[in-house]
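So the chains spell out like this:
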Amino acid sequence: MASRTGSDVLLRGAVRHTAGPTAVLLVCSVAGAGCALAVPAVVGRTLDLLLHRHPAAGAWLTWAAVLLAAEVLLETATVLLTQLTTARATAWVRLRATTGLSATAPHRAEPYSGGDVAARLCVNATDSGAAPAALATSVASVLVPAGALVALALIDPWTAAVFAAGLPLLLVVLRSFAHQSSDSVGRYQHAQGAVAARLTEALSGARTIAAAHTARREEERILAPLEEMTRYGTRMWLVHGRAVARSGVLLPLLTTAVVAVAGTRLAAGGLSVGDLLAASRYAALAAGVGSIAAPLGALVRARNAGRRTAALADLPPMTHGSAALPPDGPGDLELREVRVVRDGVPLLTDVTLTIDGGSTVAVVGRSGAGKSTLSAVAGRLTDPDEGRVLLDGVDLARLTRAELRSATSYAFARPAFDSGATPTVGSAIASGLGAAGAGAAEGAGTGVMGGAETGGGAVSAAESGRGRVSAAETGRGRVSAAETGRGARTAAGTGGDDVIADAPRTADAPAEKVRDAARAASADAFIRLLPQGYDTPLDDAPLSGGESQRLGLARAFIGAGRLMILDDATSSLDTATERQVELALSTSLRPCTKLVVAHRVSTAARADKVVWLEAGRVRGCGPHRLLWEDPHYRAVFLAEPASASTATVAPVKPVARVETLAPAEAVVEAVASARAASAAGPAGALASPQNDWRAEPAASDGLGSDA
């Protein structure tokens, strides 16, 4: 997962971004090198003048002192500018990588796990950011020994010839160092990313590991790449050590040879004492050619790290058009021959659907049928490989980013909340409106306090179904990458729930709107029990799985546009709470089209229409009561949790047809029949008050019972 050509482009971009500090650093480095080269000549000349008691000796001595002071000051400035340039370049590299990751389609980001992303954004980005400073200082590292060699030739050609004779051996040492170091560094960084990825996975599943008593096995799995890290880390330092040792032996020998030749020339009268002093100093500077190993090593690490960071920065972004939706559109959704293929596996095949605006459609099917993929395509979390998706007659790909996100909202099974952008519970709900909405929220409960959200979205990463959220620390900020399946999925933007949006949906989020959304999601009661109510910091809010889902639903409700997509967003709710949420969907929110990924019979029964998926194809589409006649459709719900229908069910007749089914099918059939009877009239079909549907109208806004 590295981008070789992208690495060079990324590093050149970092150099351009830090052009000012890098240019000043280069000037200081070159000026410092010039001072370093001038000092031996001036000091040597001063010594000769002092020995001959020449009256100009004082002026030369002053010049020597000035040059020495300038060299110290320039060296100090070089160190400070190196740190400044590296910090700015690192921040830019991280921004490019996070932008590429957050702007791409989820399936393109899937191969990068949260831990791997963290390693790329932290360690690798830091190494990449060192490139501009290393490039500038490497110029001085070459200039000083090259200038010293020229100065030796000017003092006495024989001294230069002696030193030059050993240069080929030194160049061989440096070339070997660069080649071997590059391979070792690349492999070491890869193993480092593997450890980070496995550690993040283990942290996200800590409870499962504890329950299964597999902590020891997980520890071994996480640390397995350490052997490879040790091998290549040791090799990396051995390469560096050998290069230093060889140059450490070769360079003193060359320096000694130069001084010996200069001494011989002094004895013969060919050189003065000052010339000997200058020659010895220039020999030491020329021997410093080995110091180029440091910036050279930094450039090697930067280029290898840049390949890993550029892989994120180079992810192709989802493009947006310039079209707008027709005003006051009902939210008609249409999929035309949609096909989605990932890694050669078809997830959706020739899906054609028409969903009337304002209706509620349940999407059902066994695990892997393509339900979450369909929901992602419907709101353009991802683009289909073939076909089109239209909202009120406009292709989603033609809409502006702001228009798309203002028209759609999402809620997922595991909502992600960024406590950095939305620090409180109230601002987390208000963030469904966008940046301004989160920032202006105030006064709900004990007060809703919002933080302005970067980019205007709810959180920084889209979550889908069974995904998990990982945070990678980058500079002062925090980057969230939500994962689906085995990899990270960061979407280009989803309104409401989980992805950055470009424009706020409203100028402010009044406290009443926040409370209304919370009440609709059955979240107001537990939020008021928190220590500071709506002002409780997210990090201090002890939320259960169901409470997190309700908070995510409230965030989607407050920003509801023409299309709302709930991808298993009520899976952690009990039956009574789920019913309250469904009633709120039909009565408390403004009319919009609702696409609900459903696993429970009750949800499908109350939808206007059901889309039944099987192996990525539409197996059936219609009212639940008609599809229920198909035993294969009934079999989809056999794995439905018992909590979906645990109330005592009174006998319902006739049951002759039910008795021919398998026992599990008979239970599901009886439950659905009881609910249908309850919705049809006052006959007491369900004994439990919390599951009494008799007060429900025969048909409501998108949630009329079809059972």
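Worth saying up front: this structure is predicted, and the values here are computed from it rather than measured. (Residues numbered from 1 in each chain as written. Predicted model: local features only at pLDDT ≥ 70, side-chain atom pairs only at ≥ 80, totals over all residues. Heavy atoms only, no water.)

Draft legend 1. Inspection of the pairing of strand β13 (residues 617-622) at higher detail. The sheet contact formed by strand β12 (residues 609-614) and β13 spans five bridges and is antiparallel. Residue pairing in the sheet places E614 in a bridge with R617 of β13. Where β12 hands over to β13, the hairpin turn is made up of two residues, of which A615 adopts a positive phi near 55°. (Pairing = 2+ DSSP bridges. Helix = DSSP H or I, 4+ residues; strand = E, 2+ residues; numbered from the N terminus.)

Draft legend 2. Structural view of the packing of helix α2 (residues 19-51) against helix α3 (residues 57-103). With their axes 7 Å apart at the nearest point, α2 and α3 run at an angle of 160° to one another. Between α2 and α3, the crossing angle belongs to the class labelled roughly antiparallel. Seen from above, α2 lies across α3 with left-handed handedness. By residue class, the composition of the contact of α2 with α3 is 24 nonpolar, seven polar and three charged. (Axes fitted to C-alpha atoms, helices over the stretch in contact; angles between N-to-C directions. Parallel < 35°, antiparallel > 145°, perpendicular 65-115°, else oblique. Left-handed = near helix turned anticlockwise from the far one by under 90°. Nonpolar A, V, L, I, M, F, W, Y, C, P; charged D, E, K, R; others polar.)

Draft legend 3. Layout of the environment of E403. Along the polypeptide, E403 turns up in helix α15 (residues 401-407). With 83 residues separating them in the primary sequence, E403 and H320 have C-alpha atoms 9.9 Å apart. Those residues in contact with E403 that sit more than four places away from it in its chain are A323, A324 and L325. (Contact = heavy atoms within 4.5 Å.)

Draft legend 4. View of the sheet that holds strand β3 (residues 360-364). Ordered in space as β6-β10-β11-β3-β12-β13, the six strands form an open sheet in which the pairing is mixed. A single partner strand is all that each edge strand has here, and the edge strands are β6 (408-412) and β13. Ignoring strand direction, the axes of neighbouring strands in this sheet form an average angle of 15°. Of the pairings in the sheet, the one linking β3 to β12 comprises four bridges and is parallel in character. Bridge pairing in β12 places V364 opposite W612. Strand contacts of helix α14 (residues 371-378): β3, β6, β10 (563-567), β11 (593-597) and β12, with the helix running at about 155° to β10, the strand carrying the most contacts. Along the sheet face, helix α20 (residues 545-558) touches β6 and β10 and points at about 175° away from the line of β6.

Draft legend 5. The sheet that holds strand β1 (residues 333-342), seen in detail. With antiparallel pairing, four strands are arranged side by side in an open sheet as β2-β1-β4-β5. In the strand order of this sheet, the two ends are held by β2 (345-355) and β5 (394-395), each with one partner. Here β1 pairs with strand β4 (residues 386-391) via five bridges, running antiparallel. The partner of R339 across the bridge, within β4, is E386. Sheet strands in contact with α14 are β1, β2 and β4, and its direction is about 55° off that of β2.

Draft legend 6. Molecular detail of unusual backbone geometry. In this structure, H213 is a non-glycine residue whose phi angle is positive, near 55°. Tracing the chain through its elements places H213 in the loop between α9 (206-212) and α10 (215-223). Since its relative accessible area comes to 73%, H213 is described here as exposed. Even without glycine at this site, R380 takes up a positive phi of about 55°. Along the chain, R380 falls in the loop between α14 and β4. (Buried < 20%, exposed > 50% of the residue type's maximum accessible area, 1.4 Å probe, protein only.)

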